[in-house]
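Each chain, written out:
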Amino acid sequence: FELYSMTYLPWEWYDDLFELGSKLNVEIFASVFDEESANFISRYTTAKVKIASPEIIDTSLIDHCASIFDELIISTGMASKKEISTAVNLVRKHNKFVTLLQCVSEYPALPQSYNLNGLGYLNDLADEIGISDHSMDDTVVLGAVALGARFVEKHFIDSRKVGGIDSHFSLEPTEFTEMVRKIRVLEAACEK
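Given the structure is predicted, the values throughout are model-derived calculations rather than measurements.

## As for a nonpolar patch on the surface
- A contiguous nonpolar patch, built from Leu9, Trp13 and Leu17 and spanning about 260 Å² of accessible area, is present on the exposed surface.
- Its location among the elements puts Leu17 in helix α2 (residues 14–24).
- Classification of Leu17 by relative accessible area gives partly exposed; the value is 31%.

Here it is, written out as structure tokens:
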């Protein structure tokens, strides 16, 4: 609760955020942690919502979100195979699209903790797979993309000098831009 209290995006910012996303043609979605926040976000979009790793066992939240959103993006960092399967089955019950993210719930995460070969297991369950990366650079992201990830979650910060709870494993603008450039080159290299 203390962590979420320090890091959540104030609800009064969402009007401006979704308006800016519309102007820039950038899709905006959010992580939700309870049905109240899911209902709040559904006022802006029903396209997609993210379920963070600790909430993968909250079956009532997943069921509720699958009833009102078209796609659920579910991070698997703290889940067993059975918990992942249960979450996917809840989404499938509503015939919705599911993206599963390989994740390590460490901040920062060591690259050797990622078990990127686990993406194959997630790929068998999901419509799309991705990576939620908390490591210090883009190596894990690039490995995941080479193995089929089509969704990347990476923390971003204007400047690490500003500080913040995730500043030490967030990418600055030039680093983020370079990561995206490398991903595009890698995607082209992987095309059949």
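## What to know about the layout of surface pockets
- In this structure, the second largest pocket encloses a volume near 180 Å³.
- Looking at the second largest pocket, it is lined by 13 residues, and the ones nearest its centre are Thr76, Ala79, Ile84, Gln102 and Asn115.
- A breakdown of the residues in the lining of the second largest pocket according to their chemical character gives 6 nonpolar, 6 polar and 1 charged.

## Points about the sheet that holds strand β2 (residues 48–51)
- Read from one edge to the other, the open sheet built from 6 strands follows the order β1-β2-β3-β4-β5-β6, with strand pairing classed as parallel. Pairing within the sheet leaves two strands with one partner each, and these edge strands are β1 (31–32) and β6 (151–154).
- Direction of pairing for strand β5 (residues 128–133) relative to β6: parallel, over a ladder of 4 bridges. Following the sheet pairing, Ser132 is matched in β6 by Glu153.
- Its contacts with the sheet put helix α4 (residues 59–68) on β1, β2 and β3 (71–75), and the angle it makes with β2 is roughly 170°.

## Focus on α4
- Along α4, the residues classified as buried are Leu61, Ile62, His64, Cys65 and Ala66.
- Summarising the contacts, the buried residues of α4 are in contact with β1, α3 (35–42), β2, β3 and α5 (81–93).

## Comments concerning the environment of Thr99
- Relative to the helices and strands, Thr99 is located in strand β4 (residues 97–103).
- Taking the relative accessible area as the measure of exposure, Thr99 reaches 0% and is therefore buried.
- Setting aside its immediate chain neighbours within four residues, Thr99 contacts Glu71, Leu72, Ile73, Ile74, Glu128, Ile129 and Phe151.

## Digging into the pattern of salt bridges
- Under the definition given, this model contains 11 salt bridges.
- Salt-bridge contacts for Glu178 lead to Arg181; the nearest nitrogen and oxygen are separated by 2.7 Å. Note that Glu178 and Arg181 are positioned in helix α8 (residues 173–190) at a spacing of 3 residues, about one turn of the helix.
- In this structure Arg181 comes out as partly exposed when scored by relative accessible area, which is 44%.
- Among the charged side chains, a salt-bridge network with shared partners connects Glu27, Lys48 and Glu71.

## Considering helix α7 (residues 139–146)
- For α7, the set of buried residues is Val140, Val141, Leu142, Ala144 and Val145.
- Phi turns positive one or two residues past the end of α7, at Gly148, with a value near 115°.

## Quick word on the side chain of Lys96
- With respect to the helices, strands and loops of the structure, Lys96 is situated in the loop between α5 and β4.
- As a buried residue without a salt bridge, Lys96 has its nearest oppositely charged side chain in Asp70, at a separation of 4.6 Å.
- Among the polar contacts listed, one links the side chain of Lys96 to the backbone oxygen of Ala66, at a separation of 2.8 Å.
- Reaching out from Lys96, the side chain makes a polar contact with the backbone oxygen of Phe69 at a distance of 2.9 Å.

## Some remarks on the environment of Ile73
- Along the polypeptide, Ile73 turns up in strand β3.
- The class of Ile73 is buried, set by a relative accessible area of 0%.
- Considering only alpha carbons, one finds Ile73 and Ser159, 86 residues apart in sequence, at a separation of 27 Å.
- Excluding anything up to four places from it in sequence, Ile73 contacts Phe29, Lys48, Val49, Lys50, Ile51, Thr99, Leu101 and Phe151.

## Focus: the packing of α3 against α4
- Running from N to C, α3 and α4 cross one another at 15°; their axes reach a closest spacing of 10 Å. By the angle class used here, α3 and α4 are roughly parallel. When the axes of α3 and α4 are compared, the crossing they make is right-handed. Where α3 abuts α4, its residues Glu35, Ala38, Asn39 and Ser42 lie against Ser60, Leu61, His64, Cys65 and Ile68.
- A class-by-class count of the residues in the contact of α3 with α4 yields 4 nonpolar, 4 polar and 1 charged.

The rules behind each value
- Residues numbered from 1 in each chain as written.
- Predicted model: local features only at pLDDT ≥ 70, side-chain atom pairs only at ≥ 80, totals over all residues.
- Heavy atoms only, no water.
- Patch = residues over 30% accessible without salt bridge, like charges linked within 9 Å, V, L, I, M, F, W, Y side chains within 5 Å.
- Areas by Shrake-Rupley, 256 points an atom, 1.4 Å probe, with all protein chains shown as cover.
- Salt bridge = Lys/Arg side-chain N within 4 Å of Asp/Glu carboxyl O.
- Helix = DSSP H or I, 4+ residues; strand = E, 2+ residues; numbered from the N terminus.
- Buried < 20%, exposed > 50% of the residue type's maximum accessible area, 1.4 Å probe, protein only.
- 1 Å grid on protein atoms, 1.4 Å probe; cavity = no way out; pocket = protein on both sides within 12 Å on 5 of 7 lines; lining within 4 Å.
- Points joined across faces, edges and corners; volume = space filled by probe spheres on them.
- Nonpolar A, V, L, I, M, F, W, Y, C, P; charged D, E, K, R; others polar.
- Pairing = 2+ DSSP bridges.
- Contact = heavy atoms within 4.5 Å.
- Axes fitted to C-alpha atoms, helices over the stretch in contact; angles between N-to-C directions.
- Lys, Arg positive; Asp, Glu negative; His and termini not counted.
- Polar contact = N/O pair within 3.5 Å; in protein donor to acceptor, adjacent residues only side chain to side chain.
- Parallel < 35°, antiparallel > 145°, perpendicular 65-115°, else oblique.
- Left-handed = near helix turned anticlockwise from the far one by under 90°.

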